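# An overview of the molecular structure
The residues making up each chain are set out below.
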Amino acid sequence: MTNPYHLHAPLRSAPQSSSQTFTAKLLLLLTLLPLSLAALAFILQWRGGIPDPTTRWSPPGSNHLFPGMEASPLSSAVVRSSSSSSDCVNLGRSNSPSFPYYQNWKFDSAADLKPKIVITTSTSAGLDQILPWMFYHKVIGVSTFFLFVEGKAASPEVSKVLESIPGVKLIYRTKELEEQQARSRIWNETWLSSFFYKPCNYELFVKQSLNMEMAIVMARDAGMDWIIHLDTDELLHPAGAKEYSLRQLLLDVPGNVDMVIFSNYESSVERDDIKEPFTEVSMFKKNYDHVPKDTYFGMYKESTRGNPNYFLTYGNGKSAARIQDHLRPNGAHRWHNYMKTPNEIKLEEAAVLHYTYAKFSDLTSRRDRCGCKPTREDVKRCFMLEFDRAAFIIASTATEEEMLKWYHEHIVWDDKDIRIKLLRKGILTRIYAPMAIIQGLKESGVFSSVIASASTTLSKEKFLATIDSSNSSRATASISHPSRKISRSSESMATARKTLDVEVAEFQELAVPPLSPPVMDDNHQLSFEV
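Remember, predicted model here, so these are calculated numbers, not experimental data.

Let us now look at the pairing of strand β5 (residues 234–237). Burial along β5 is two-sided: the face carrying E234 and L236 and the face carrying L235 and H237 are both buried. Bridge count between β5 and strand β11 (residues 344–354): four bridges; the pairing is antiparallel. Residue pairing for β11: L236 is matched across the bridge by V352.

This is the structure we're talking about:
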């Protein structure tokens, strides 16, 4: 009998054979195509048709691969070549892919970005603190930095690196600078007079104000739109903007606003062995302005833990000022205007993150900068805030073991239950953005590349010439605020009349010192302590 399925067998095998042939051709095509492209690229490269990307971005004589294609070769190089600068070592250690910082990179679009923001500071810190602080603020939109440097910050090893970074101006505390600032009009005015001729923190406060006055002139000459005074242990946190950008935050400020106030948050450390606060601290105590009043006073005892105030140090934040005529500093925390009361606003979400006493060594470093006697009466001459006074006495009289115990009792948040309670209540908060940004910059090799780049791009002669040029130009700028003791015989009558009018009409609001947050007194009244 004939098999009824026999006639259909060839009909099923024909499509199967056709499918196999198509698959074979497709595989052959996919094999030949990349080989052909590779051969074409080789021929063009051999004939010079495609430039090597590393020659396009690398500095002359550099052996770097294209950024991101290698583990940082600068880490070991920096350690070998910079053994005299201990604060550079940690900045150079990374096993992650490297994205080197190249001196000659230019971005034309940066000149068109608005608003232009400058940060000014007075510092004696090293590169381990200044570079993360600076590049973090570059990331969030700050284009220019005026650094009034002394101590370690003014040393050749540190200053030559800072001078090599675009947008950075260093002003050294030379005899010429002090002579110019001695002729500042501030000395003849009353708003800062209560801080004159006192040691330690008072002296620093006056110095910062004089530097801020000079920075205003420099900012105006540089075409800046906003100026901010920060210390190098403070980071701006532009929360509330459409993007994590200080430029975007200030761009959204109405045009009739003269000053923007950033409430400060204070670092709350959870251990005593922190070395790099910017990348190791994520917990902060929120400012009174950002906490409901009932919560603030209801949790006041748990929040202070027996310390003099809610915050260890100041609680009145920092501010940004719009560059305009007659602008002047009003102490390190505020700005003012000689001709009007500034229109100011306080931001509801953005803040200044203050990393105060974040390292155990901060106790002794503050002690070493002040020569006051460790007595309750004498420290009042030197420090404005009660906690600073207590910390100075402990650091000056206690053993290291006693200091460490005191540090845990007053600064370190050891009690996990209390931490969780205050986090849930909104007194404490976690902020990770600055930590992530700075850690990313470090791991990508930016800091180590800056250090290595400075050592190859600045000759000794060029470096010294840069210092001389910086000092002379800045000293000239400071003359823009003449003292009333300087003769005006060489000035025109119109200029003299204008200056006189300013002096008569000036607003003599007293300088705003670092203020502690509000406390509840015995009569349950809200009060602020200086």
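The biggest cluster of nonpolar side chains holds 75 residues, and the ones touching the most others in it are L131, L147, L246 and F262. In terms of residue count, helix α5 (residues 127–139) provides more of this core than any other element does, seven residues in total. Setting aside residues no more than four positions away along its own chain, F262 makes contact with L236, L246, L249, G317, K318, S319, A320, L347, A350, A351 and V352. Counting residues in each nonpolar core, the second largest holds 18 residues, with L177, A219, I227 and L327 among its members.

Let us now look at the packing of aromatic side chains. Taken as a whole and assessed by the stated rule, the structure comprises 19 aromatic pairs. With centroids separated by 4.7 Å and ring planes inclined at 75°, the aromatic side chains of Y288 and Y296 adopt a geometry described as edge-to-face. Like Y296, Y288 is buried. Relative to Y407, the ring of F360 lies with its centre 5.4 Å away and its plane at 80°, an arrangement referred to as edge-to-face. Of the two residues, F360 sits in the loop between β11 and α13 (362–368) while Y407 sits in helix α16 (residues 400–410), which places them 47 residues apart along the sequence. You can call F360 buried: its relative accessible area is 17%. Taking relative accessible area as the criterion, Y407 reaches 0% and is therefore assigned buried. If you follow R185 out to its NZ or CZ, it ends over the ring of Y338, 4.0 Å from the centre.

Tallied over the entire structure, the rule returns 18 salt bridges. Notably, a salt bridge pairs D258 with K340, separated by 3.3 Å at the nearest N-O pair. One end of the pair, D258, is in the loop between α9 (246–251) and β6 (259–267); the other, K340, is in the loop between β10 (335–337) and β11, with 82 residues separating them in the sequence. One salt bridge in this structure joins R271 and E280, with 2.2 Å as the shortest N-O distance. What makes R271 partly exposed here is its relative accessible area of 35%. Ionic contacts of the salt-bridge type, sharing partners, join the residues D231, E234 and K318 into one network.

The next point concerns unusual backbone geometry. Negative phi characterises most residues that are not glycine, and trans characterises most peptide bonds. For the bond running from K114 to P115, omega is -10°, close enough to zero to count as cis. Tracing the backbone shows P115 in the loop between α4 (89–92) and β1 (117–123). In this structure, Y197 is a non-glycine residue whose phi angle is positive, near 60°. Judged by relative accessible area, which is 76%, Y197 ranks as exposed. Unlike most non-glycine residues, Y357 shows phi in positive territory, near 50°.

Bringing the confidence of the model for the protein chain into the picture now. In this model, the protein chain carries an average pLDDT of 81, and 72% of its residues clear a pLDDT of 70 or more. Residue range residues 4–12 is modelled with pLDDT below 50. Its contacts to residues more than four positions away, or to other chains, number zero contacts. Low pLDDT, under 50, characterises residues 94–109; the stretch is placed with 51 contacts to residues that sit more than four places away or in other chains.

This structure, assessed with the given rule, holds four cavities of 30 Å³ or more. Space inside the largest cavity adds up to approximately 100 Å³. E266, R305, L312, I411 and W413 are, among the 17 residues lining the largest cavity, the residues nearest its centre. Counting residues per element, the ones that place at least two in the lining of the largest cavity are β6 and α12 (300–304). Taken together, the residues of the lining of the largest cavity sort by class into six nonpolar, eight polar and three charged.

Turning our eyes to something else, we now look at the pairing of β1. Where burial is concerned, most of β1 is hidden: seven out of the seven residues are buried. With burial as the criterion, each face of β1 is covered, one bearing I117, I119, T121 and T123 and the other bearing V118, T120 and S122. Relative to strand β4 (residues 226–229), β1 is paired through four bridges, and the arrangement is parallel. Across the sheet, I119 pairs through a bridge with I228, a residue of β4. Relative to strand β2 (residues 144–149), β1 runs parallel, the two being bridged by six bridges. Within β2, the position partnered with V118 by the bridge is T144.

Relative orientation of the contacting elements α5 and helix α18 (residues 433–443) amounts to 110°, with a least axis distance of 10 Å. On the basis of the axis angle, α5 is roughly perpendicular to α18. Listed contacts from α18 to P132, F135, Y136 and V139 of α5 are P434, I437, I438 and L441. A breakdown of the residues in the contact of α5 with α18 according to their chemical character gives eight nonpolar, no polar and no charged.

It is worth spelling out the side chain of T304 at this point. Along the chain, T304 falls in helix α12. On the basis of relative accessibility, which here comes to 7%, the residue T304 falls in the buried class. A polar side-chain atom of T304 sits 3.3 Å from the main-chain carbonyl oxygen of K301. With residues up to four places along the chain from it excluded, the contact list for T304 reads N309 and Y310.

Three or more residues of α16 are buried, namely M403, W406, Y407 and H410. Down the axis of α16, the buried set is contained in an arc of 105°. They therefore lie on one face. Opposite its buried face, α16 presents the exposed residues E401 and K405, each directed more than 90 degrees away. Buried residues along α16 sit against α13 and α15 (386–397).

The rules behind each value
- Residues numbered from 1 in each chain as written.
- Predicted model: local features only at pLDDT ≥ 70, side-chain atom pairs only at ≥ 80, totals over all residues.
- Heavy atoms only, no water.
- Buried < 20%, exposed > 50% of the residue type's maximum accessible area, 1.4 Å probe, protein only.
- Helix = DSSP H or I, 4+ residues; strand = E, 2+ residues; numbered from the N terminus.
- Pairing = 2+ DSSP bridges.
- Core = buried A, V, L, I, M, F, W, Y, C linked by side-chain atoms within 4.5 Å.
- Contact = heavy atoms within 4.5 Å.
- Phe/Tyr/Trp six-rings, centres within 6.5 Å; stacked < 30°, edge-to-face > 60°.
- Lys NZ or Arg CZ within 6 Å of the ring centre and 35° of its normal.
- Salt bridge = Lys/Arg side-chain N within 4 Å of Asp/Glu carboxyl O.
- pLDDT = per-residue confidence, 0-100.
- 1 Å grid on protein atoms, 1.4 Å probe; cavity = no way out; pocket = protein on both sides within 12 Å on 5 of 7 lines; lining within 4 Å.
- Points joined across faces, edges and corners; volume = space filled by probe spheres on them.
- Nonpolar A, V, L, I, M, F, W, Y, C, P; charged D, E, K, R; others polar.
- Axes fitted to C-alpha atoms, helices over the stretch in contact; angles between N-to-C directions.
- Parallel < 35°, antiparallel > 145°, perpendicular 65-115°, else oblique.
- Polar contact = N/O pair within 3.5 Å; in protein donor to acceptor, adjacent residues only side chain to side chain.
- Arc of directions from axis to C-beta.

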